[in-house]
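Understanding the architecture of this molecule
Each chain is listed here by its residues.
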Amino acid sequence: MASLRHQAIGAALRMLAATRLDRLAAQSLGGQGVILTFHHVRLATDREFSENRLLEVTPSFLESVLRLLRELDYDIVPMDAVPARLSSGQGRRFAAITFDDGYADTRDYALPILKRFEAPFTVYVVPGFADRLAPLWWLDLEDIVRARPNIDLTLSTGRVVLPARTPLEKRSAFRQLYWRMRALPEAEMRETIALMAADSRVDTMGRVARLCLDWAALRDFSRESLVTIGAHSLNHPRLRLLPEEAARHEMAASKARLEAEFGKPVKHFAYPVGDPTSAGARDFRLAGEVGFETAVTTRPGVLFPEHASALHALPRLSMNGLYQSTDLVRALLSGLPSGLANRFRRVNAD
Ligand SMILES: [Zn+2]
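Residues numbered from 1 in each chain as written. Predicted model: local features only at pLDDT ≥ 70, side-chain atom pairs only at ≥ 80, totals over all residues. Heavy atoms only, no water.

1. With respect to the packing of aromatic side chains
- Tallied over the full model, the rule gives 11 aromatic pairs.
- Taking 5.5 Å as the distance between ring centres and 85° as the angle between the ring planes, the aromatic pair formed by Trp137 and Trp138 counts as edge-to-face. Accessibility assignment for this pair places Trp137 and Trp138 in one class, buried.
- One aromatic cluster in this structure is built from Trp137, Trp138, Phe174, Tyr178 and Trp179. (Phe/Tyr/Trp six-rings, centres within 6.5 Å; stacked < 30°, edge-to-face > 60°. Buried < 20%, exposed > 50% of the residue type's maximum accessible area, 1.4 Å probe, protein only.)

Structure follows, in structure tokens:
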């Protein structure tokens with residue numbers, strides 16, 4: 001989703017890095033630690049239309065982020081260590097590394113690098129992906145737009161008509177369609193995308209099988225000493241849009257299933273999608289009630305001692321495929337961009 005907004009963000013971050021203001025800010029705003037989010041780690045492909053590429057970084061970028069953390073003297077710690085690190089309120093800066101969704105590329109590309117750096121990390125697994133039952137709908141949506149010369153559909157919120165012939169039109173159609181989908185109730189969004197995918201001959205479950213680790217592979221992966229397995233719901237819904245009992249079930253049943261599969265406690269959770277529209281105060285409460293020690297959002301930010309009392313609403317810094325530069329990561333780690341953004345945003349548990 002490379003938009004003007006992203007270009008502006010990129011330019012602002014680059015400017016910040018150039019002023020070295022971030023280095024100064026790091027002392028006051030950099031907080032006590034940080035949780036980094038990764039999705040795909042794999043070799044770059046050069047495709048004209050690939051609107052989800054913000055969710056993928058190259059192996060060499062992962063390596064340079066780890067090198068930067070070492071250079072800045074961060075301790076790289078497992079999620080298990082985060083609560084104690086926060087409540088101690090002091091000590092060296094720490095970073096926890098997290099990967100969402102349980103992709104095969106986490107094992108194939110990220111693991112060898114993380115081993116070289118002896119960096120512990122957490123993988124948030126979705127049983128529905130391992131079972132090949134839940135779709136990666138945002139990737140299906142990209143293929144739907146790729147396959148069609150135009151979009152014409154009627155939703156409960158109105159009709160959507162979008163041209164999608166040229167790469168430029170496809171990019172614009174994807175962005176509009178994506179947000180029209182995100183505005184729908186969870187069930188209608190999934191049904192609509194599934195129907196369009198079938199109509200465009202998008203192999204949704206073939207993709208899940210290609211991209212996501214299955215149970216046997218996950219079991220091997222979970223035995224790696226650096227790996228912590230966390231839960232990421234059963235089917236990756238936007239929990240906030242579900243009735244309470246359904247949201248609770250998504251959390252509790254994913255925890256129980258992973259514990260049964262791997263024979264060890266699963267103490268950490270990541271909210272699917274994870275922004276304020278997808279995870280709210282009720283969901284933070286539920287995560288605690290079903291027994292998770294920590295739960296992470298995708299709200300941007302670094303960690304302060306106060307987060308010791310908000311362990312089920314932890315912010316993370318996303319390593320965005322559109323900005324693969326260590327200067328920009330250094331700027332993000334300083335806490336200045338998220339600190340500034342939060343000053344202008346109402347920051348609360350909602
Ligand atoms: Zn996810």
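Back to the write-up after that little detour.
2. Focus on helix α3 (residues 59-71)
- In a regular helix each residue adds 1.5 Å, so 13 residues correspond to 18 Å; α3 covers 18 Å between its end C-alpha atoms and thus fits that length.
- Count one or two residues on from α3 and you reach Asp73, which has phi positive near 70°. (Helix = DSSP H or I, 4+ residues; strand = E, 2+ residues; numbered from the N terminus. Expected span 1.5 Å × (residues − 1).)

3. Some thoughts on the pattern of salt bridges
- Evaluated as defined, the whole model comprises 32 salt bridges.
- For Arg175, the salt bridge is made with Glu51, and the minimal N-O distance between the two is 3.4 Å. Highlighted residues: Arg175 in helix α8 (residues 167-182) and Glu51 in the loop between β2 (40-41) and β3 (56-57), separated in sequence by 124 residues.
- With a relative accessible area of 25%, Arg175 lands in the partly exposed category.
- Classification of Glu51 by relative accessible area gives buried; the value is 0%.
- Residues Arg146 and Glu142 are paired through a salt bridge, measuring 2.9 Å at the closest nitrogen-oxygen approach. (Salt bridge = Lys/Arg side-chain N within 4 Å of Asp/Glu carboxyl O.)

4. What to know about the coordination of the zinc ion
- The zinc ion binds to the protein through Asp101 (OD), His232 (NE2) and His236 (NE2); the donor distances cover 2.1 to 2.2 Å.
- Within one chain, the residues donating to the zinc ion are spaced in sequence as D-x130-H-x3-H. Of this pair, Asp101 sits in strand β5 (residues 94-101) while His232 sits in the loop between β9 (227-231) and α12 (244-262), and the two are 131 residues apart along the sequence.
- The class of Asp101 is buried, set by a relative accessible area of 2%. (Donors = N, O, S within 2.8 Å, 3.2 Å for Na, K, Ca; no water.)

5. Focus: unusual backbone geometry
- Notably, Glu118 is not glycine yet its phi reads approximately 50°, a positive angle.
- Tracing the backbone shows Glu118 in the loop between α5 (104-116) and β6 (121-125).
- Unusually for a residue other than glycine, Ser233 sits at a positive phi of about 80°.
- Checked against the element boundaries, Ser233 lands in the loop between β9 and α12.
- By relative accessible area, which is 0% here, Ser233 ends up buried.

6. Some points on the domain arrangement of the protein chain
- Segmenting the protein chain into domains produces domain 1 (4-132 + 217-343) and domain 2 (137-205).
- A separation of 27 Å is found between the C-alpha centroids of domain 1 and domain 2.
- Each partner contributes residues to the interface: domain 1 has 21 residues there, and domain 2 has 18 residues.
- Carbon and sulfur atoms make up 51% of the surface buried where domain 1 meets domain 2, a total of about 1,600 Å² over both sides.
- Taken together, the links from domain 1 to domain 2 amount to 3 salt bridges. (Domains from an automatic or database assignment. Contact = heavy atoms within 4.5 Å. Buried area = accessible area lost by both parts, 1.4 Å probe.)

7. Some remarks on the side chain of Asp275
- Of note, Asp275 is situated in the loop between β10 (268-270) and α13 (281-289).
- Of note is the side chain of Asp275, whose polar atom sits 2.9 Å from the side chain of Arg182. (Polar contact = N/O pair within 3.5 Å; in protein donor to acceptor, adjacent residues only side chain to side chain.)

8. Side note on the packing of helix α7 (residues 137-147) against helix α9 (residues 186-199)
- Where α7 contacts α9, the axes come no closer than 10 Å and their chain directions differ by 40°. With respect to their mutual orientation, α7 and α9 come out oblique. As α7 runs across α9, the sense of the crossing is left-handed. Mapping the contact onto sequence places Trp137, Asp140, Leu141 and Ile144 in α7 and Met189, Arg190, Ile193, Met196 and Ala197 in α9.
- Considered class by class, the residues forming the contact of α7 with α9 number 7 nonpolar, no polar and 2 charged. (Axes fitted to C-alpha atoms, helices over the stretch in contact; angles between N-to-C directions. Parallel < 35°, antiparallel > 145°, perpendicular 65-115°, else oblique. Left-handed = near helix turned anticlockwise from the far one by under 90°. Nonpolar A, V, L, I, M, F, W, Y, C, P; charged D, E, K, R; others polar.)

9. Quick look at the nonpolar core
- Leu36, Phe38, Leu66, Leu69, Ile97, Phe99 and Phe121 are the most contacted members of the largest nonpolar core, which has 64 residues in total.
- At 6 residues, the largest contribution of residues to this core is made by α3.
- Each residue touching Phe38, except ones within four places of it in the same chain, is listed here: Val57, Leu62, Val65, Ile97, Thr98, Phe99, Asp100 and Met319.
- Core analysis: the second largest hydrophobic core is formed by 32 residues, Met189, Ile193, Ala197 and Val202 among them. (Core = buried A, V, L, I, M, F, W, Y, C linked by side-chain atoms within 4.5 Å.)

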